[in-house]
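# Structure at a glance
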Amino acid sequence: KAGVTQTPRYLIKTRGQQVTLSCSPISGHRSVSWYQQTPGQGLQFLFEYFSETQRNKGNFPGRFSGRQFSNSRSEMNVSTLELGDSALYLCASSLDGAGNQPQHFGDGTRLSIL
Amino acid sequence: GENVEQHPSTLSVQEGDSAVIKCTYSDSASNYFPWYKQELGKRPQLIIDIRSNVGEKKDQRIAVTLNKTAKHFSLHITETQPEDSAVYFCAASNRQAGTALIFGKGTTLSVSS
């Protein structure tokens, strides 16, 4: 079974631009969560989608948004990029986001803002 | 919402020693506590998890303990090896209620031979 796939792996943008990151969960998984990882801050929760609905949201500004499609693939969008948005963005999928189902992570997208 | 504190932020041990990482959580409704290991340049990997109906769980050299009253849980690694060197993250959530999985800031474990 293929794991969680994130594209692209690396991205370089400049301030003010916008970016879209993609995440394909493990086949059959319906929950997708997004995290921002920066040195010293660990994994900061952005949002979680389940069955095309945003179920949970972290404390990030409205410039960060996401969506989930009917095939469970998810995208996150960051508009008006700032230097501080440089980070590794990880997504994780789980079967249904409840009960005894662990989350499995992708390799992440490394976003660099110049 | 849930808040998870993790200590220490860095931990250095000699090969063969034990390592202990501690986490506290704020939401008494949290009932699922996984631990992830992230090696340099790689994705976080689940190494062990525990649910609130269990006080301790072991898997070979790794064990996790949970104290629901005090709202803290710990990761214990015995007979450490250089390949145990990585960043370890604890997390907490109420999965039955569908709350988000919130992570601690991580512990960088260095095992020297």
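First, a word on what this report is: a plain description of the structure on this page. Remember, it's a predicted structure, so these values are computed and weren't measured experimentally.

Here we come to the overall build of chain B. Helix and strand content of chain B: zero helices and 11 strands. Reading chain B from its N end, one meets helices and strands in the order β-β-β-β-β-β-β-β-β-β-β. Taken over the C-alpha trace, chain B has a radius of gyration of 14 Å; the compact-globule value for 113 residues is 13 Å, and the two agree within 12%. The buried share of chain B, reckoned over its 113 residues, is 46%. Residue pairs in contact within chain B that sit at least 24 positions apart in sequence constitute 53% of those at least 6 positions apart. The centroid of the 12 positive side-chain charges in chain B is displaced by 6 Å from the centroid of its 12 negative side-chain charges.

Moving on: the environment of Ala63(B). All names here are of chain B. With respect to the helices and strands, Ala63 occurs in strand β7 (residues 62-67). The spatial distance from the C-alpha of Ala63 to the C-alpha of Thr108 is 18 Å, given a sequence separation of 45 residues. Not counting the four nearest positions on each side in its chain, Ala63 is found in contact with Ile48, Lys57, Lys58, Ser74, Leu75 and His76.

If you look at the biggest cluster of nonpolar residues, it comprises 38 residues, and the most contacted ones within it are Tyr35(A), Phe105(A), Trp35(B), Phe73(B), Leu75(B), Phe103(B) and Leu109(B). Discounting chain neighbours no more than four positions away, the residues touching Leu109(B) are Leu11(B), Val13(B), Ala19(B), Ile77(B), Asp84(B), Ser85(B), Ala86(B) and Tyr88(B). Counting 21 residues, the second largest nonpolar core, distinct from the first, contains Leu11(A), Cys23(A), Val78(A) and Leu81(A).

The tally for this structure, following the rule as stated, stands at nine salt bridges over all chains. With a closest N to O distance of 2.8 Å, Asp85(A) and Arg63(A) form a salt bridge. Pair noted here: Asp85(A) is in the loop between β8 (74-78) and β9 (87-94) and Arg63(A) is in the loop between β6 (53-57) and β7 (64-68), with a separation of 22 residues, a long-range link. Arg63(A) carries the same exposure label as Asp85(A), and that label is buried. Among the ionic pairs, Lys57(B) bridges to Asp49(B), the shortest N-O distance being 3.1 Å. Among the residues examined, Lys57(B) registers a relative accessible area of 33% and is labelled partly exposed. The exposure class of Asp49(B) is buried, given its relative accessible area of 7%. One salt-bridge network, held together by shared partners, links Arg63(A), Glu82(A) and Asp85(A).

What follows deals with the state of the cysteines. As enumerated under the stated definition, the model contains two disulfides over all chains in all. Paired by a disulfide, Cys23(A) and Cys91(A) hold their sulfur atoms 1.9 Å apart. Its S-S torsion of about 65° marks the bond between Cys23(A) and Cys91(A) as right-handed, since a negative value means left-handed. Taken together, the residues Cys23(A) in strand β3 (residues 19-24) and Cys91(A) in strand β9 connect sequence positions 68 residues apart. We note that Cys23(A), like Cys91(A), is buried. The disulfide that involves Cys23(B) links it to Cys90(B), with 1.9 Å between the sulfurs. Between Cys23(B) and Cys90(B), the S-S dihedral sits near -100°, and the bridge is therefore left-handed. Residue Cys23(B) is found in strand β3 (residues 19-25), and its partner Cys90(B) is found in strand β9 (residues 86-92); the two are separated by 67 residues along the sequence. As far as burial versus exposure is concerned, Cys23(B) and Cys90(B) are alike and both buried.

What counts and what doesn't
- Residues numbered from 1 in each chain as written.
- Chains lettered and ligands numbered in written order.
- Predicted model: local features only at pLDDT ≥ 70, side-chain atom pairs only at ≥ 80, totals over all residues.
- Heavy atoms only, no water.
- Helix = DSSP H or I, 4+ residues; strand = E, 2+ residues; numbered from the N terminus.
- Rg over C-alpha atoms; globule rule 2.2 N^0.38 Å.
- Buried < 20%, exposed > 50% of the residue type's maximum accessible area, 1.4 Å probe, protein only.
- Contact = heavy atoms within 4.5 Å.
- Lys, Arg positive; Asp, Glu negative; His and termini not counted.
- Charge placed at Lys NZ, Arg CZ, Asp CG, Glu CD.
- Core = buried A, V, L, I, M, F, W, Y, C linked by side-chain atoms within 4.5 Å.
- Salt bridge = Lys/Arg side-chain N within 4 Å of Asp/Glu carboxyl O.
- Disulfide = S-S within 2.5 Å.

This is a description of form; function is not addressed.
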